[in-house]
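# An overview of the molecular structure
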Amino acid sequence: MASPAPHQACVMYANYYAHTEPHSVKYKDGLPFYLFRLQAEGACRALVEGKVETIIPGDLLIYSPGQLYELEVQPRSVPESGEVQPVGDYFLIANGEWLDSWWKDKGFPAKTNIGFDDTVITLWKHIISEKNKVMQNQEEMMDYLLRAFCLTLEQVIQTRQRTKGADTAYKLKLFIENHAHEPLSLEQIAAAAGLSVSRCSFLFKEAFGQSLFAYCIDVRLKLAQQQVLYSNLSMEQVAENTGFQSYPHFCRVFRERFGHPPGEYRRLFGFGH
């Protein structure tokens, strides 16, 4: 019989804890392991990518070895009864070659609100239960469970990122439609979403298949087409009203889109023709 392959993913510790007393943890020199933490009830404060943030129910924290980690839990009393409101969380500490390989180049954020996904919670509880048992082949069992746990988290996080990314893309789309007639820059568009230009450009292209700049031109040209056809404004005024800072640029892109320069387009197809 072939000997089993050496385990590559080791669960060092896993549990659920409801804090009723103040609790703090600091790893100023970085964590020596992978840490997974899901806020289940109450709120706390944690160091997330160099900034202390409030962690609310549904927030998943993932830290890799070497990352700084700080946690501050301050349970509060309910005013009416004076009872302490517990601050509860699932946590899991692990290491191993398989985890190193899985984590590499993933680029997951340190914090993602995943809510309370049934599969994640079930696997987490299963790992906690099995870890508390003293049994033969426990390391092999933990290896398989941890792999399933990590791959499930990956799917959940990616789904959340796609949903969030789509929401951001639609917000950018609406912002462009409302402001295309202004002299917009990519920096201004990205600032409206509170993200970098590169991130906004990626999310928009992923959602709509074209760049932010290309969509801005599309909206401007549609506005310009309506004004060319149904107004008596000069072509220079149309260019200015629809966000084109350069009249020659306006004429060039209008001709490329509609097959005629704007003045000729009005003569051929304008209202009353």
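Residues numbered from 1 in each chain as written. Predicted model: local features only at pLDDT ≥ 70, side-chain atom pairs only at ≥ 80, totals over all residues. Heavy atoms only, no water.

Below, the discussion takes up the packing of helix α3 (residues 138–179) against helix α4 (residues 186–193). Direction vectors running N to C along α3 and α4 enclose 130 degrees, while the axes themselves pass 9 Å from each other. Between α3 and α4, the crossing angle belongs to the class labelled oblique. As α3 runs across α4, the sense of the crossing is right-handed. Only Gln-188, Ile-189, Ala-192 and Ala-193 of α4 make contact with α3, whose side of the interface consists of Thr-168, Leu-172, Phe-175 and Ile-176. The class makeup of the residues in the contact of α3 with α4 is six nonpolar, two polar and no charged. (Axes fitted to C-alpha atoms, helices over the stretch in contact; angles between N-to-C directions. Helix = DSSP H or I, 4+ residues; strand = E, 2+ residues; numbered from the N terminus. Parallel < 35°, antiparallel > 145°, perpendicular 65-115°, else oblique. Left-handed = near helix turned anticlockwise from the far one by under 90°. Contact = heavy atoms within 4.5 Å. Nonpolar A, V, L, I, M, F, W, Y, C, P; charged D, E, K, R; others polar.)

Moving on, we get to the pattern of salt bridges. Where charged atoms from two side chains of opposite charge approach closely, those side chains can pair. Applying the stated criterion across every chain yields a total of seven salt bridges. Where Arg-147 meets Asp-143, a salt bridge forms, and the shortest distance between an N and an O atom there is 2.8 Å. Taken together, the residues span about one helical turn, with Arg-147 and Asp-143 both in helix α3 at a distance of four residues. Since its relative accessible area comes to 22%, Arg-147 is described here as partly exposed. Between Lys-173 and Glu-177 there is a salt bridge, and its shortest N-O distance comes to 2.9 Å. Of this pair, Lys-173 and Glu-177 both sit in helix α3, four residues apart, which is roughly one turn of that helix. Residue classification places Lys-173 among the partly exposed residues on the basis of a relative accessible area of 23%. (Salt bridge = Lys/Arg side-chain N within 4 Å of Asp/Glu carboxyl O. Buried < 20%, exposed > 50% of the residue type's maximum accessible area, 1.4 Å probe, protein only.)

A separate point is the confidence of the model for the chain. If pLDDT is low for a region, its predicted coordinates should not be looked at in detail. Scored by pLDDT, the chain has a mean of 90; 97% of the residues are at 70 or more. Per-residue pLDDT, averaged within each element of the chain, yields its smallest value for strand β8 (residues 76–77) (86) and its largest for strand β7 (residues 69–73) (97). (pLDDT = per-residue confidence, 0-100.)

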